[in-house]
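Chain by chain, the residues:
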Amino acid sequence: MAERKAQMLSGNEACALAAVAAGCRFFAGYPITPSSEIGEVLSYLLPRNGGRFIQMEDEIASMGAIIGASLCGVKSLTATSGPGFSLKQENIGYAAMAEIPCVIVNVMRGGPSTGVPTQPAQADFQQARWGRHGDHPIIVIAPATVTGAYELTVRAFNLSEKYRTPVVLLLDEVVGHMREKVEITAPEDLEVVNREKPGMPPEEYLPYSHSGTDLNPMPAFGDGYRYHVTGLAHDETGFPTNNTREIDLQYRRLNRKLHRYRDDILQVRKMETDDARIGIVAYGSTARTARHTVKAARSEGIPVGLLQPVTVWPFPDEEIRDFGKQVSHLIVPEMSLGQFAREVERVAGCHAEIVRVNRVDGEPITPKEIITAVREVA
Amino acid sequence: MLTDYTKYLRMTKFPHIWCSGCGHGIVLKALLRAIDRLELRKDNIVMVSGIGCSSRTPGYVDFNTLHTTHGRAIAFATGVKMAKPEMNVIVVTGDGDATAIGGNHLIHAARRNIDLTVVVFNNYIYGMTGGQGSPTTPRGMKASTLPFGNIEQPFDVCHLAAAAGAAYVARATAYQARLLDKFIERGIRRKGFALIEAMSPCPTSYGRKNRLGDGATMLRQLKETSVKITEAEKMTPEELVDKIVVGTFKDVDTPEYVEEYDRLIMAAAQRA
Ligand SMILES: Cc1ncc(C[n+]2csc(CCOP(=O)(O)OP(=O)(O)O)c2C)c(N)n1
Ligand code: SF4
């Protein structure tokens, strides 16, 4: 293992550095607080590393541009926040439908509408999953720290390349703007995944085959495969179809794809869960706060444990259900009015009592607010 | 010389979706003649479109083809060009796709002067969705959402692109098919943003709503209302109402976006 380099970084800066380390060579974006630093850093870093950066006319265009670049075999990123994330949705759906790898960073702020631009929130949790029309899968991952932002940016690219899917990296303003020391993995120790290219001759290549692994290799435009990419329902060859059987097969494969590789995609972190009688479920910067709560409550002799979904979509149903079976209460702190808790309730509501701790005033949840909820049920 | 169109077509994808009498096929043939004369390699062409009858074109041609979302073809194409500048990136789009929902991308790509060739199939109407009015529907004309006639001022797509900064701008009608392929050829050759407006009849929606007759009649009408740009310069605005000005509006050598990026930004960043 090469030596890890320590650097003082904000979450947004870490994200930009990690993108380059993961092999990203194209960024298209439109400025918006609190995500703008990602584009700013990449406007400098990408051309230094042989990549290109463009500030587009809006977020819709940015999302389109990164899909276009990805089709040429170039790993691509865009970054935004609430209002911009809403604008990107139609083209994120396109990337899901046509199975084009790309990474979208959404640094969450308060909403709806212009909301609270400079303050944290976790209120895009459901939009990240369901912002598009139609049935489709998506991967959403959420770091809690600056180091997490670095590592998960690399992971976001790896997952998108491996599963040919858009991946949303859900930061919140706290993670995006907080500065802390990050130990950066040396490039030679970093696991970087590149999409599989087809080995078969073009006439045998099926970009959307629904037999086999549910995953298909993907050539770059210019590699000689000359295939067709569309957001219309398509058959295995990629061309539009009205055949009900073909449409059904395609939608089912698309929606099965990520489920099938759930074990590889899902990541949860646990803290003191083994003997816990009271559970906390939290993600993003709120999970970091909850870690303090666990320590404090344990020192008072309260058997509390924390489960932190790192992959938030697909939702870790089984892990949270099992945790719910083991405890009397699940405390769910979040900077939203229950978007996350409703999923916890769905999977574990019949096993444990769900206690919601919500904050939407633009301030992060404090350890005190969580421990108060813990003491009330202890 | 006769062009062997089948060389560029995905013959198994026919019959196409276009109505009989639709002008879009004529524009496609002009595009293929231009590509043939330029001897472009099929592997090096990326054809990008939005949504609409015209935007179905990429499905029929044997290139790298990308059928995107409504209005966004130029945005996707920008990413393609920046990722692989060696590609010939051709955008095919409708008047609604390019100038309504996609109008912002059109003017900004022209402003940047990025090396794309954009062919706008202008039939004055939203063909695919059943003939609603578009930003190019002429004043007084009818559409399924304009039962009493259009009161809006239409865009002049060529003036729009030229003013926004395009390097090459030209217009011809489906009737002047040979002129059209010359313009497209010139547009592809021209480094920078090229826009060719191809006036294309839609007998099914626009023609029917305005009692303009079948495709052949509409083609003849395109011929009769066309005025060469050199003649148009001598005419008054009143005389030009209802006329289609045909010709080259702009053809200038001006710095192209990706070349400038590499020459100035990438070079500076690597020195820094
Ligand atoms: C976001 C979105 N809005 C609306 C539509 C519906 N729609 C499909 S094609 C079209 C208009 C196409 O008109 P034009 O670009 O002029 O092409 P034509 O069909 O006339 O060739 C519209 C409004 C859509 N597909 N997506
Ligand atoms: S509706 Fe109009 S534009 Fe569409 S295919 Fe028919 S004739 Fe062509």
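This one's a predicted model, so the numbers in the text were calculated from it and none came from an experiment.

Cut-offs applied
Residues numbered from 1 in each chain as written. Chains lettered and ligands numbered in written order. Predicted model: local features only at pLDDT ≥ 70, side-chain atom pairs only at ≥ 80, totals over all residues. Heavy atoms only, no water. Buried < 20%, exposed > 50% of the residue type's maximum accessible area, 1.4 Å probe, protein only. Helix = DSSP H or I, 4+ residues; strand = E, 2+ residues; numbered from the N terminus. Phe/Tyr/Trp six-rings, centres within 6.5 Å; stacked < 30°, edge-to-face > 60°. Lys NZ or Arg CZ within 6 Å of the ring centre and 35° of its normal. Contact = heavy atoms within 4.5 Å. Buried area = accessible area lost by both parts, 1.4 Å probe. Salt bridge = Lys/Arg side-chain N within 4 Å of Asp/Glu carboxyl O. Polar contact = N/O pair within 3.5 Å; in protein donor to acceptor, adjacent residues only side chain to side chain. Pairing = 2+ DSSP bridges. Right-handed = clockwise from strand over helix to strand, strands pointing away. Axes fitted to C-alpha atoms, helices over the stretch in contact; angles between N-to-C directions. Parallel < 35°, antiparallel > 145°, perpendicular 65-115°, else oblique. Left-handed = near helix turned anticlockwise from the far one by under 90°. Nonpolar A, V, L, I, M, F, W, Y, C, P; charged D, E, K, R; others polar.

Chemist: Would you explain helix H2 (residues 73–83) of chain B in this entry?
Modeler: For an α-helix, 3.6 residues make a turn, and residues three or four places apart therefore share a direction. Within H2 of chain B, 11 of the 11 residues are buried, which leaves the element mostly enclosed by the surrounding structure. Along H2 of chain B, the residues that are buried comprise Ala 73, Ile 74, Ala 75, Phe 76, Ala 77, Thr 78, Gly 79, Val 80, Lys 81, Met 82 and Ala 83 of chain B.

Chemist: Would you explain the packing of aromatic side chains in this entry?
Modeler: Here a ring pair, both rings aromatic, is described through the centre-centre distance and the interplanar angle of the planes. Inspection of every chain in the model, using the stated rule, returns 18 aromatic pairs over all chains. Taking 6.3 Å as the distance between ring centres and 80 degrees as the angle between the ring planes, the aromatic pair formed by Phe 125 of chain A and Phe 315 of chain A counts as edge-to-face. Here the residue Phe 125 of chain A occupies a position in helix H5 (residues 125–130), and Phe 315 of chain A occupies one in the loop between strand S14 (311–313) and helix H11 (317–326), the gap between them amounting to 190 residues. Centroid distance Phe 221 of chain A to Tyr 227 of chain A: 6.0 Å. Interplanar angle 65 degrees. Geometry classified as edge-to-face. As far as burial versus exposure is concerned, Phe 221 of chain A and Tyr 227 of chain A are alike and both buried. Every member of this aromatic cluster is reached through a ring pair, and the members are Phe 125, Tyr 283, Trp 313, Phe 315 and Phe 340 of chain A. Geometry around Phe 239 of chain A places Lys 13 of chain B over its ring, the cationic atom sitting 4.0 Å from the centre.

Chemist: I would appreciate a short explanation of the interface of chain B and chain A in the present structure.
Modeler: It is common to give the size of an interface as the accessible area lost on bringing the parts into contact. Contacts between the two partners involve 41 residues from chain B and, on the opposite side, 40 residues from chain A. Roughly 3300 Å² of surface becomes buried between chain B and chain A when both sides are summed, with 58% attributable to carbon and sulfur atoms. When residues of chain B are sorted by the area they lose upon contact with chain A, His 67, Phe 76 and Met 82 of chain B head the list and together hold 15% of the total. Taken together, the connections running from chain B to chain A amount to 4 salt bridges. Notably, a salt bridge pairs Arg 52 of chain A with Asp 262 of chain B, separated by 2.8 Å at the nearest N-O pair. Across the contact surface, chain B and chain A share 21 residue pairs in polar contact (both at pLDDT 80 or more). Counting only elements with at least two residues in the side of chain B that touches chain A, the list comes to strand S2 (64–67), H2, helix H4 (103–112) and helix H11 (257–271) of chain B. In terms of residue count, the dominant contributor to the side of chain B that touches chain A is H11 of chain B (8 residues). Here strand S10 (residues 228–230) of chain A runs beside S2 of chain B; their pairing, made up of 3 bridges, is parallel. The partner of Thr 230 of chain A across the bridge, within S2 of chain B, is His 67 of chain B.

Chemist: What exactly am I supposed to notice about the pairing of strand S13 (residues 304–309) of chain A here?
Modeler: A regular strand places its side chains so that they alternate between the two faces of the sheet. Residue and element names in this part refer to chain A. Burial of S13 is extensive: 6 of the 6 residues sit out of reach of the surface. Side-chain alternation along S13 places Val 304, Leu 306 and Gln 308 on one buried face and Gly 305, Leu 307 and Pro 309 on a second face that is also buried. With 4 bridges connecting them, strand S11 (residues 268–271) and S13 associate as antiparallel partners. Pairing of Arg 269 across the sheet is with Gln 308, part of S13. The pairing of strand S12 (residues 278–281) with S13 spans 4 bridges and is classified as parallel. Bridging from a neighbouring strand, Gly 279 pairs with Gly 305 of S13. Chirality of the crossover, the property in question, places the unit of S12, helix H10 (residues 285–299) and S13 among those that are right-handed.

Chemist: Got a minute to help me understand the packing of H11 of chain A against helix H12 (residues 341–348) of chain A in this structure?
Modeler: Residues and elements named next belong to chain A. For the pair H11 and H12, interaxial distance at closest approach is 8 Å and the crossing angle is 70 degrees. Taken together, the axis directions place H11 and H12 in an arrangement best described as roughly perpendicular. Between H11 and H12 the crossing geometry is right-handed. Here H11 contributes Asp 317, Ile 320, Arg 321 and Gly 324 to the contact with H12, which in turn contributes Val 344, Arg 346, Val 347 and Ala 348. The residue makeup of the contact of H11 with H12, split by class, is 4 nonpolar, 1 polar and 3 charged.

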